[in-house]
Amino acid sequence: MCSRIASLVRCISTVNKQNKMKYILVTGGVISGVGKGIISSSLGTLLNSCDIPVTSIKIDPYINIDAGTFSPYEHGEVFVLDDGGEVDLDLGNYERFLDIKLHSDNNITTGKIYRQVIERERRGDFLGKTVQVIPHITNAIQEWVERVAARPVRNNITPQVCIVELGGTIGDIEGMPFVEAFRQLQYRIGRENICCVHVSLIPTPRSTGEPKTKPTQASVREVRRLGLTPDLIVCRSEKEVNDGVKEKISLHCDVATEQVICIPDLSSIYHVPLIMDEHNIIDFLKDRLKLDIKSPRPVKYLQQWRDLAKKMDKITREVNISLVGKYTKLEDSYTSVTKSLQHAATSVDYKLNLKFVDASHLEESTKIEDEVKYYEAWRSLCLSDGVIVPGGFGSRGMTGKILAAKWCRERRKPYLGICLGLQASVIEFARNVLKLQDANTTEIDPNTKHKLVIDMPEFTPEEKGGTMRLGARTSVFRENDNSVIRQLYGNQSTIIERHRHRYEVNPDYVEQLEQNGLKFVATDVEGKRMEIAQLDNHPFYVAVQFHPEYLSRPLKPSPPFLGLILASVNKLDRFLDHGCRLSPRDMSDVSDEADASYHGLQQLHRNCQVNDNCNGIHSSDNSERISK
């Protein structure tokens, strides 16, 4: 009897150990922006490929509540989630790599943590105790991480592994409470349930041409001083480094040589999971975290990523797209747009050649101040195969976006407007076709006679953060509509896309706009808000109020972006005529016909899957908004 009880206790203990959440903490050293987000996403990709459910958390140590009020020049684009959370762009990387849907709580900031603790103190939850960073702030961090880690992010399956990326650089004063929280967490949950990955930079000064390991050594010492021990050290470098560098880091940082992974700059980010797999990361994680990973690997293990990386390296034909925006000095400002264009171009065997055009450089005022910038901007526009005008806020560059929309309309150049791009195209059409010369948006001119774009009733001018129309919402195509954009969405009656805007098209002008050729083919579920506009008798002139870039995936390109790319390479009509498919002949590349034919057949199959699975990403029932 006693032996049976003992056996049962051991069995229960084993099950509990297997079911316990595992954590991978990713920290960075030497400089910020070293690539922690891609490393974190790649670790998740490897685990996903082994049928281990994964979730991700991004910690941003700034005091802001969220990323919603940031200028894109501060931290790059603001990424929007289904529940309306405005978060760091790294969560976009996680969603694209892992094909999951995260929540606003998957982005932790210092502001969120302190606000929660202060609210608890005001309620008297701490029973009169002095509220301090240790233990109250660090406890709140641990509680938040453990709560969010257990929340399903795909198919209602509880994750087994949570990858946590700590933003900034080890040693930053802002990040100290988070480092301390994980130092405590590792002892509370057991070292076998947490693995620390440190990402550092190996610079190569031009003066010597020799990779330097001292910055990494200093960074690892700082991590250890703070109570964390790196299990893996990922070294980022401009070029490949030799084994001697790895051995030196191993010696000075107290890790085995095989636990030092060197990743140089690569032709595409989709090579990163493959490089990490070559270092047997899965075997290491299996042993370190006691994961239930079967051997040998699944038959299709990483096959999609291998195909995608190989395909991107072999494509030679280019499609030239001009992005007319406001924040073009920092390419991270349009990360999701760039990735979405790349997804669409790659899916039809074209390499994306993207030119960033500052919208203000297209304006007459720039011609007076700097003719070179003016003519270079217009030259880029003229040499492009297609044009995209993404979202933005404020008056700067608005005239340039309107001019770009006009040029594309008159020259029959493929055009995709997103959010503010839709509003710019509507204003342009009103001014130049309806002859309403002072047509404008109330964001720029509140007293304009013809208010083509107006602020929404729920918009609160006094509060900037979180007051926009945010998150996943349903758009409804009009009955009997056979527009190009609806066909690209698989002829669905409704779609769900993510929004982020304060202003909308004035419904009082819709009938007048439609009578002259600018048709609104989709609205919100109440039929009051214009969601998609399409110009009659044009190869491809589509503008959307939502942000389709947030739901694009490497193997599932967003329909509006796919339409722009196809129209830019003169293949849209054939694509639609063949039921939203391209033949291998359409896909073939004259530079390597045999190999491209193989990839064409592969893509033909994928295109079928994109259309068959359109409901999975872009459509759903008529619910107005996915609840938080």
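Residues numbered from 1 in each chain as written. Predicted model: local features only at pLDDT ≥ 70, side-chain atom pairs only at ≥ 80, totals over all residues. Heavy atoms only, no water.

**Student:** Could you give an account of the pairing of strand E17 (residues 494–501), with specific residues and numbers?
**Tutor:** The element E17 is extensively covered by neighbouring structure, given that 8 of its 8 residues are classed as buried. With 8 bridges joining them, strand E16 (residues 469–477) and E17 adopt antiparallel strand pairing. Bridge pairing in E17 links Arg473 to Glu497. (Buried < 20%, exposed > 50% of the residue type's maximum accessible area, 1.4 Å probe, protein only. Helix = DSSP H or I, 4+ residues; strand = E, 2+ residues; numbered from the N terminus. Pairing = 2+ DSSP bridges.)

**Student:** So what's going on with the sheet that holds strand E21 (residues 541–544)? Which residues, and what values?
**Tutor:** Strand order in the open sheet made by the 9 strands is E11-E10-E12-E13-E21-E20-E19-E16-E17, with mixed pairing throughout. Edge positions in the open sheet fall to strand E11 (351–358) and E17, since each of these has one partner strand only. Each strand axis lies, on average, 25° off the axis of its neighbour in the sheet, ignoring direction. (Axes fitted to C-alpha atoms, helices over the stretch in contact; angles between N-to-C directions.)

**Student:** Kindly report on the side chain of Ser340, identifying the contributing residues and their values.
**Tutor:** Examined against the element boundaries, Ser340 turns out to sit in helix H13 (residues 335–347). Among the polar contacts listed, one links the side chain of Ser340 to the backbone oxygen of Ser336, at a separation of 2.7 Å. Here Ser340 is in contact with Glu549, Ser552 and Phe561, once residues within four sequence places are set aside. (Polar contact = N/O pair within 3.5 Å; in protein donor to acceptor, adjacent residues only side chain to side chain. Contact = heavy atoms within 4.5 Å.)

**Student:** Run through the pattern of salt bridges, naming residues and quoting values.
**Tutor:** Going through the model one piece at a time under the given rule, you end up with 32 salt bridges. In this structure, the salt-bridge partner of Glu504 is Arg529, at a minimum N-O distance of 2.6 Å. On the criterion of sequence distance, the pair formed by Glu504 in strand E18 (residues 503–505) and Arg529 in the loop between strand E19 (518–524) and strand E20 (530–535) is long-range, its members being 25 residues apart. A salt bridge links Lys519 to Asp536; the shortest N-O distance between them is 3.1 Å. Of this pair, Lys519 sits in strand E19 while Asp536 sits in the loop between E20 and E21; the two residues are 17 residues apart in sequence, bridging distant segments of the chain. (Salt bridge = Lys/Arg side-chain N within 4 Å of Asp/Glu carboxyl O.)

**Student:** Account for the environment of Tyr374, with residues named and values stated.
**Tutor:** With respect to the secondary-structure elements, Tyr374 resides in helix H15 (residues 371–383). Sequence separation between Tyr374 and Ser360 is 14 residues; the distance between their C-alpha atoms is 8.7 Å.

**Student:** An account of helix H5 (residues 110–123) is requested, with residue identities and associated values reported.
**Tutor:** Its 14 residues place the ends of H5 20 Å apart at the C-alpha level, agreeing with the 20 Å of an ideal helix rising 1.5 Å per residue. Among all positions of H5, only Thr110, Gly111, Lys112, Ile113 and Val117 are buried. Next to the buried residues of H5 lie strand E2 (54–60), strand E5 (107–109), helix H6 (133–149) and helix H7 (176–189). At the C-terminal side of H5, Gly124 shows a positive phi close to 85°. (Expected span 1.5 Å × (residues − 1).)

**Student:** Explain unusual backbone geometry residue by residue, including any values.
**Tutor:** In the segment running from Ile134 into Pro135, the intervening peptide bond is cis, with an omega of 15°. On the secondary structure map, Pro135 appears in helix H6. Of note, the phi angle at Lys290 is positive, near 55°, even though the residue is not glycine. Structurally, Lys290 can be placed in the loop between helix H11 (281–289) and helix H12 (303–314). The exposed category is assigned to Lys290, whose relative accessible area is 51%. One non-glycine residue with positive phi stands out, namely Cys419, at about 55°.

**Student:** Go over the sheet that holds strand E7 (residues 194–201), please, and point to the residues and values.
**Tutor:** Pairing within the open sheet is parallel, and its 7 strands lie in the order E5-E2-E6-E1-E7-E8-E9. Edge positions in the sheet fall to E5 and strand E9 (260–264), since each has one partner strand and no second. Geometrically, the sheet is characterised by an average inter-axis angle of 20° between neighbouring strands, direction not taken into account. Of the pairings in the sheet, the one linking E2 to strand E6 (residues 161–166) comprises 6 bridges and is parallel in character.

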